[in-house]
Amino acid sequence: MSDKPGNQTPNTPDVSETELRKMKVDELRQEAKEEHITGASGMRKEELVKEVAQSRQEGADHGRVDAGADGAEGLGAGPDGGKIRYGDDSSKSLKYSQEITSTEEEPEREGRSLATTHHEVIRQWAEERGGVPATVDGTERGDHLGVLRIDFRDKDANLREVSWEEWFKTFDDRRLNFIYQEQRSDGRQSNFFRLENPEREDA
């Protein structure tokens, strides 16, 4: 029998309600927790299956490569679909930030603190401000990049430009979050950003 029962999502075989139904309720609740689905403790098994499958599908959709406004291929969302990474050292500013998981999302208001792991969102934000991916010279760890930064060409001699590919590999390996602003509270463009590792203090 080649036909699989259940809701099979095209191009995303890992998103399958059939596979989820084979799991125990406790396992499904753990999956729901990792997907940051609220109210999972009170859900029945079928509800958990639907919610987890939908959340995974949304992550898979965000992970596909987007086309930029100029028609060029974008970087896509990255391994977490743009979603914020949580850990024991998550900061208060992360808690109160608006999560951005798509290039289409807008801040709720001027001056709003935003947070994302979405590669294309970060790249577009940096390039709109003339920024390029960089690392702080002298902080390398063997063959790995050191402290990550965005260089806004303000003549910081300590920064060395790197490729977005290198930058995002390190960003994901260290499970960082990108906390930033689009605009200041007065409406002017903001260059504020901060990289945070929710699992330990240093980024």
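Preceding block: the structure.
Residues numbered from 1 in each chain as written. Predicted model: local features only at pLDDT ≥ 70, side-chain atom pairs only at ≥ 80, totals over all residues. Heavy atoms only, no water.

Quick word on the overall build of the chain
When you go through the chain residue by residue, the secondary structure sums to six helices and seven strands. In the chain, the order of α-helices and β-strands from amino to carboxyl end is α-α-α-α-β-β-α-β-β-β-α-β-β. Within the chain, the proportion of its 203 residues that are buried is 40%. Sequence separation of at least 24 residues holds for 51% of the intrachain contacts in the chain that already meet a minimum separation of 6. (Helix = DSSP H or I, 4+ residues; strand = E, 2+ residues; numbered from the N terminus. Buried < 20%, exposed > 50% of the residue type's maximum accessible area, 1.4 Å probe, protein only. Contact = heavy atoms within 4.5 Å.)

Some remarks on unusual backbone geometry
Excluding glycine, residues mostly carry a negative phi; peptide bonds, for their part, are mostly trans. A positive phi is found at Arg 175, a non-glycine position, where the angle reads about 55 degrees. Examined against the element boundaries, Arg 175 turns out to sit in the loop between helix H6 (164-173) and strand S6 (177-180).

Section: the packing of helix H5 (residues 119-128) against H6
Contact geometry for H5 and H6: axes closest at 12 Å, N-to-C directions at 130 degrees. Taken together, the axes of H5 and H6 lie oblique to each other. As for how H5 packs across H6, the hand of that crossing is right-handed. Listed contacts from H6 to His 119, Ile 122, Arg 123, Ala 126 and Glu 127 of H5 are Trp 164, Trp 167, Phe 168, Phe 171 and Asp 172. (Axes fitted to C-alpha atoms, helices over the stretch in contact; angles between N-to-C directions. Parallel < 35°, antiparallel > 145°, perpendicular 65-115°, else oblique. Left-handed = near helix turned anticlockwise from the far one by under 90°.)

Things to note about the sheet that holds S6
Adjacent strands of a sheet pair through backbone hydrogen bonds, lying either parallel or antiparallel. An order of S1-S2-S6-S7 is seen for the four strands of this open sheet, with the pairing classed as mixed. Because the sheet does not close on itself, it has two edges, and the strands there are strand S1 (98-99) and strand S7 (193-196). One ladder, built from four bridges, connects S6 with S7; its direction is antiparallel. By the bridge assignment for S7, Tyr 180 is matched with Phe 193. Across the face of the sheet, H5 comes into contact with strand S2 (114-116), S6 and S7 while running at roughly 40 degrees to S6. (Pairing = 2+ DSSP bridges.)

So, the environment of Leu 195
Within the element layout of this structure, Leu 195 appears in strand S7. Spatially, the C-alpha atom of Leu 195 lies 8.2 Å from that of Arg 149, the residues being 46 residues apart in sequence.

Some points on the pairing of strand S3 (residues 132-136)
Among the five residues of S3, five are classified as buried, and the element is accordingly described as predominantly covered. Going residue by residue along S3, you find Val 132, Ala 134 and Val 136 tucked away on one face and Pro 133 and Thr 135 tucked away on the opposite face as well. Across four bridges, the pairing between S3 and strand S4 (residues 148-151) is antiparallel. Across the sheet, residue Pro 133 finds its bridge partner in S4, namely Ile 150.

Quick look at the pattern of salt bridges
In this structure the tally under the stated criterion is 18 salt bridges. The salt bridge partner of Glu 120 is Arg 123, with a shortest N-O separation of 2.5 Å. Pair noted here: Glu 120 and Arg 123 are both in helix H5, with a separation of three residues, about one helical turn. Glu 120 sits in the buried class, given a relative accessible area of 1%. The class of Arg 123 is buried, set by a relative accessible area of 18%. (Salt bridge = Lys/Arg side-chain N within 4 Å of Asp/Glu carboxyl O.)

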